[in-house]
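# Inside the fold
Read off the chains here:
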Number of protein chains: 2
Amino acid sequence: MIESLFRPALSRMQPYAPGEQAAPGKTIKLNTNENPYPPAPEVVKAIQEAASGPLNRYPDPVATSFRRAAADALGLPGPEWILAGNGSDEILTILVRGFVGEGQHLRLPYPSYILYRTLADIQGAAWQQTPFENDWKLPAAFGENEDDLRLVLLPNPNSPSGTLVPKNEVASIADSLDCPLIVDEAYVDFANENCLDLVQENERVLVTRTLSKSYGLAGMRFGFLVAQPHVVAELSKIKDSYNCDAISIAAATAAVSSQDWLSDIVAKLNATRGRMETRLTEMGFAVTPSHANFVWCQHPDGNHQSRYEYLKKNQILVRYMSFPDWGDGLRISVGTDDQIDACLMMLERFS
Amino acid sequence: MIESLFRPALSRMQPYAPGEQAAPGKTIKLNTNENPYPPAPEVVKAIQEAASGPLNRYPDPVATSFRRAAADALGLPGPEWILAGNGSDEILTILVRGFVGEGQHLRLPYPSYILYRTLADIQGAAWQQTPFENDWKLPAAFGENEDDLRLVLLPNPNSPSGTLVPKNEVASIADSLDCPLIVDEAYVDFANENCLDLVQENERVLVTRTLSKSYGLAGMRFGFLVAQPHVVAELSKIKDSYNCDAISIAAATAAVSSQDWLSDIVAKLNATRGRMETRLTEMGFAVTPSHANFVWCQHPDGNHQSRYEYLKKNQILVRYMSFPDWGDGLRISVGTDDQIDACLMMLERFS
């Protein structure tokens, strides 16, 4: 039987479960931190144009147009500091494959993004979780070296909390670690600080970004790594030759060139986030101040799952998250003002 | 230094070198087996429509529309027999990660598609090459079991030869092997036979396909696996949650639903291929009868590299391939009739 022929690491593992897919129609989807607004008009135009391009020809294997535009937009020394990928998921896979062998370890904080554990499982590696301290501070243990520790991953801002570890603390952790530190900045456009500077100061700091959240392009699959050029070169060996297609390269190039659009959308979403935080607090929730496009909240009555189900029955999908030995709560993505008003009204009606 | 922190398997390996990118402009590109014709008009229309879709939302994680259409087109029992990927490159990566652990072996024929060796290298696995016999027949050794052998890969039709191992011989190899046999059918639409039947008969036969060649969608990155449903389910654990984007799913669905277009294009390319084979033979080349969209030819004078360079100087790019301990030759993709006429004329002028 073929069951015995799969790698044992694979047979043992549970697959990663992405956020629920809403039935198409009236559902208000606030569960996977998508941008509720469509991407910049320039992106749609770029896709329309690329559709008439030479799709029968292989795309640029290293997404040069995107990397040039991104280096410009982010103030990086040049395109050779960027590795483009089919979503930041692919970038994270490449990083785990690049640094962590079978039986070796990677570290992540807890609670945070459990995909990292899945990536370790696929690789036949082990993962260790360092619990956050009170107020989502990282303990010193997060920066301690261990023999088998080959990679440390820090989502910053973190999910589900939306909290941000300040840049100077990230720098200290990176300095104390012998292994690379991945700063996963999927949500960083909604925060006031990022760690790109640290990449230039320390070759062991690697930053990942995605176009799925702030740029409104979850449907497009495009992410990238920022790292020193010799690190990008080595990790490029792992990616598929043509990992990004011609259309997504065109779309991503247009997106990253639309920085004014980005500022406007982020300002709008952060304003809505502020309203959410205020109202949820007024309703009695403990609300964690967010640096991302979602809000983590816990009610003292502990009825999180029933609130999730009540909202779902009323066609509003949020994320109920329960972390063993830690607790549970609701993670609500920042939607449009109308969507959030509907969600808040339903939460008020819950009893 | 970070150099010492990469997995040793990675530091040792050479990156895979995809076919040369032509300078844009007048170059006739006959080196990477792309389709010289644009994709079906329905594909372009599907992309245009999808561009206006909800790109801010995550795509269908399992490409349901494509898998339904492909199961229909290929006469498979249902969509659960298909795993969609970001190019068949991603499918091949998933297969190697699914079956071959560090230090274990995969087998491929020689000469054939050297990407398989790269995939083994990345995984920290070893590869073994079984040389073809005369007339591109597979020796019995190709189907022999070994302790560490975990995967056997057969490109069928093969590259660079364009030759096809008959289905009944593939079935015998699969039956004799304890490990899975991957039949890489990237070029099979240009042949008269395929191995899809065998997948239903033997759970250890897995077939990969791509839309990059016959469907004219190299720029789009879409490939898929055909395997028994329990095999698809297990391998799905390895793929990124959202490995195919909304636009490429729409494009691939439209492409695989355009079977009449496909028959016409294949007939046209195979007719051109016939002319190439005849003329090259008349010029004194030893031409291997092709079941793919390229022709492998060797001249008794052995001046393959200088012919390649002569063509390149005249803005015609073909593939010069040299296989250690075996020999060299030219692999010429089937282009449009005009492109092939230009290439043949230049080859006649060469002296």
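Residues numbered from 1 in each chain as written. Chains lettered and ligands numbered in written order. Predicted model: local features only at pLDDT ≥ 70, side-chain atom pairs only at ≥ 80, totals over all residues. Heavy atoms only, no water.

### A few points about the state of the cysteines
This model, assessed by the stated rule, comprises zero disulfides over all chains. As a non-bridged cysteine, Cys179 of chain A has Cys195 of chain A as the owner of its nearest cysteine sulfur, 16 Å distant. (Disulfide = S-S within 2.5 Å.)

### Quick word on the pattern of salt bridges
It is possible for side chains of opposite charge to pair when their charged atoms get near one another. Summed over the entire model, instances satisfying the criterion amount to 23 salt bridges over all chains. For Arg275 of chain A, the salt bridge is made with Asp337 of chain A, and the minimal N-O distance between the two is 2.9 Å. With a gap of 62 residues between them, Arg275 of chain A in helix α10 (residues 259–282) and Asp337 of chain A in helix α12 (residues 337–349) connect regions that are remote in the sequence. The exposure class of Arg275 of chain A is partly exposed, given its relative accessible area of 31%. A salt bridge links Glu185 of chain B to Arg209 of chain B, with the shortest nitrogen-to-oxygen separation between them at 2.8 Å. Placement of Glu185 of chain B in the loop between β6 (181–184) and α7 (196–201) and of Arg209 of chain B in strand β7 (residues 205–210) is noted, with a sequence separation of 24 residues between them. Of the two residues examined, Glu185 of chain B and Arg209 of chain B, each falls in the buried class. Through salt bridges with shared partners, a single network forms among Lys29 and Glu34 of chain A together with Arg57 of chain B. (Salt bridge = Lys/Arg side-chain N within 4 Å of Asp/Glu carboxyl O. Helix = DSSP H or I, 4+ residues; strand = E, 2+ residues; numbered from the N terminus. Buried < 20%, exposed > 50% of the residue type's maximum accessible area, 1.4 Å probe, protein only.)

### Considerations on the relation of the copies chain B and chain A
With an RMSD of 0.0 Å, chain B superimposes on chain A once it is rotated by 180 degrees and translated 0.0 Å along the axis. Considering both components of the superposition, the chain copies are consistent with a two-fold axis. Closest to the rotation axis within chain B is the C-alpha of Gln48 of chain B, separated from it by 2.8 Å. In this assembly the copies share their binding face: 100% of the residues contributing to the interface of chain B also contribute to that of chain A. (Least-squares fit on C-alpha atoms with pLDDT ≥ 70 in both. Contact = heavy atoms within 4.5 Å.)

### Points about the UniProt feature "modified residue: N6-(pyridoxal phosphate)lysine" (unreviewed entry) in chain A
Those residues carrying the UniProt feature "modified residue: N6-(pyridoxal phosphate)lysine" (unreviewed entry) are Lys213 of chain A in this numbering. Considering the arrangement of structural elements, one finds Lys213 of chain A in the loop between β7 (205–210) and β8 (223–226). Residue classification places Lys213 of chain A among the buried positions, given a relative accessible area of 6%. Apart from residues lying up to four places away in sequence, Lys213 of chain A is in contact with Thr32, Asn33, Asn35, Ala186, Tyr187, Phe190 and Asn293 of chain A together with Tyr58 of chain B. (UniProt positions renumbered as here; feature names shortened; annotations may be inferred.)

### Considerations on the packing of helix α3 (residues 64–74) of chain A against helix α9 (residues 246–256) of chain A
Relative placement of two packed helices is described by the angle separating their axes and the distance separating the axes. All names here are of chain A. For the pair α3 and α9, interaxial distance at closest approach is 8 Å and the crossing angle is 15 degrees. The orientation of α3 with respect to α9, classified from their angle, is roughly parallel. For the pair α3 and α9, the crossing hand works out as left-handed. For the pair α3 and α9, contact is made by Ser65, Phe66, Ala69, Ala70 and Ala73 and by Ile249, Ala252, Thr253 and Val256, respectively. Of the residues belonging to the contact of α3 with α9, the class tally is seven nonpolar, two polar and no charged. (Axes fitted to C-alpha atoms, helices over the stretch in contact; angles between N-to-C directions. Parallel < 35°, antiparallel > 145°, perpendicular 65-115°, else oblique. Left-handed = near helix turned anticlockwise from the far one by under 90°. Nonpolar A, V, L, I, M, F, W, Y, C, P; charged D, E, K, R; others polar.)

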